[in-house]
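# Structural features, examined
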Amino acid sequence: MLVLTEQARRVPEAERPLVAARLNLQLSRMARTGGDRLVADTFLRLLESGRLTGLVDAKGRTCRAAAVEALLSLGFPYALEVQPEDLAHLRANTLQRKTHRLKPGACMAVLVGGIGAQVVHEALFRQGDASLLTSQVGLSLLAMAALWLAPPRTPVYRVGLLMLTLVSLAGAVSTVLGVADMGLWVGLAGLVAAFLAALREG
């Protein structure tokens, strides 16, 4: 365990998630072998020393959270020794990983649904010039392509998120205020999609 934690600190940042995954696997294996005072003390020392801070595998699971889970799995009396701040970290990391598992397809489905609703609306209540609406749809799809292709927390993803938010907000507000003939349904769907994309990144 000590070798892996030291290795995780020394390797380049790009390789750190791989070492963190190995460390998380080792923590789980130690917990499965059965709990005793020595194993529990090992987990506690790792948590108290702060050596696990900042170590995260590619799936977003922190080594600190893995150590807390391992200690809890040992049962009574060792589980009672988990510190409240470590429990809070475990809950936050679990929630973050669940949110991170949101697929980009959900955002795309919401936007496409909004575009479909807008098409029906335009067919039933035909407006005048549709050039602004066409531009809004095109820019929204372009932003969604960036959110679909780029991983969260990358510059491309954040540009796509900002672009989708601004275009959708402009479309919804302009339509409600009667300033321009843009798509209300596309705007609202785009704002929901942007919210889902922000959750996915967060």
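Residues numbered from 1 in each chain as written. Predicted model: local features only at pLDDT ≥ 70, side-chain atom pairs only at ≥ 80, totals over all residues. Heavy atoms only, no water.

### Examining unusual backbone geometry
Filter applied, for reference: Strands are runs of DSSP state E lasting at least two residues, helices are runs of H or I lasting at least four, and both sets are numbered from the N terminus onward.
In this chain, Phe76 is followed by Pro77 through a cis amide linkage whose omega measures 5°. By the secondary structure assignment, Pro77 is in the loop between α4 (63–73) and α5 (84–100).

### Examining helix α3 (residues 37–49)
Where we set the bar: Multiplying 1.5 Å by the residue count of a helix minus one yields the expected span of that helix. Accessible area is worked out with a 1.4 Å probe on protein chains only. A residue is then buried under 20% of its type maximum, exposed over 50%, and partly exposed in between. Polar contact is the term for a pair of N or O atoms within 3.5 Å; when the atoms are in protein, one must be able to donate a hydrogen and the other to accept it, and sequence-neighboring residues count only if both atoms are side-chain atoms.
Here α3 contains 13 residues, and its C-alpha end-to-end distance of 18 Å stays within 8% of the 18 Å for a straight helix at 1.5 Å per residue. Every buried residue belonging to α3 is among Val39, Ala40, Thr42, Phe43, Leu44, Leu46 and Leu47, and all of these are buried. Looking at where α3 begins, the residue whose side-chain oxygen comes 3.2 Å from the main-chain nitrogen of Leu38 is Asp36. Two residues or fewer after α3 comes Gly50, characterised by a positive phi angle close to 80°.

### Topic: a nonpolar patch on the surface
As a reminder of what qualifies: Patch membership needs two things, relative accessible area over 30% and no salt bridge, and members are linked within 9 Å if like-charged or within 5 Å if nonpolar (Val, Leu, Ile, Met, Phe, Trp, Tyr). Each accessible area is a Shrake-Rupley estimate made with a 1.4 Å probe; only the visible protein chains count as cover when residues are assessed. A carboxyl oxygen of Asp or Glu within 4 Å of a side-chain nitrogen of Lys or Arg is what we treat as a salt bridge.
A contiguous nonpolar patch, built from Leu169, Val173, Val176, Leu177 and Val179 and spanning about 500 Å² of accessible area, is present on the exposed surface. Note that Val173 resides in helix α8 (residues 155–177). Accessibility expressed as a relative area gives 41% for Val173, which makes it partly exposed.

### Observations regarding the packing of helix α1 (residues 2–10) against helix α2 (residues 16–32)
Applied cut-off: In this analysis, axes come from line fits to C-alpha atoms, helices being fitted only over the stretch in contact, and the angle between any two N-to-C directions falls in the range 0 to 180 degrees. Orientation is classified from the angle alone, with under 35 degrees giving roughly parallel, over 145 giving roughly antiparallel, 65 to 115 giving roughly perpendicular, and any other angle giving oblique. It is the rotation of the near helix from the far one that decides the hand of a crossing: anticlockwise by less than a right angle makes it left-handed, clockwise makes it right-handed. Every residue pair with non-hydrogen atoms within 4.5 Å of one another is taken to be in contact. Here the term charged refers only to Asp, Glu, Lys and Arg, the term nonpolar to Ala, Val, Leu, Ile, Met, Phe, Trp, Tyr, Cys and Pro, and the term polar to all other amino acids, Gly among them.
The contact between α1 and α2 brings their axes to 9 Å, and the two run at 165°. Considered as vectors, α1 and α2 are oriented roughly antiparallel to each other. The handedness of the crossing between α1 and α2 is left-handed. Touching Leu4, Thr5, Gln7, Ala8 and Arg9 of α1 are Arg16, Val19, Arg22, Leu23 and Gln26, all from α2. Of the residues assigned to the contact of α1 with α2, the class counts are 4 nonpolar, 3 polar and 3 charged.

### Concerning the nonpolar core
This is how the line gets drawn: Put simply, buried Ala, Val, Leu, Ile, Met, Phe, Trp, Tyr and Cys residues joined by side-chain atoms within 4.5 Å make one nonpolar core.
Core analysis: the biggest nonpolar cluster contains 28 residues, and Phe43, Leu52, Leu55, Leu71 and Leu74 have the highest contact counts within it. Ranked by the residues each element gives to this core, the list is headed by α4, at 7 residues. In terms of nonpolar packing, the next biggest core, distinct from the first, is built from 17 residues, Met144, Leu147, Ala150 and Ala194 among them.

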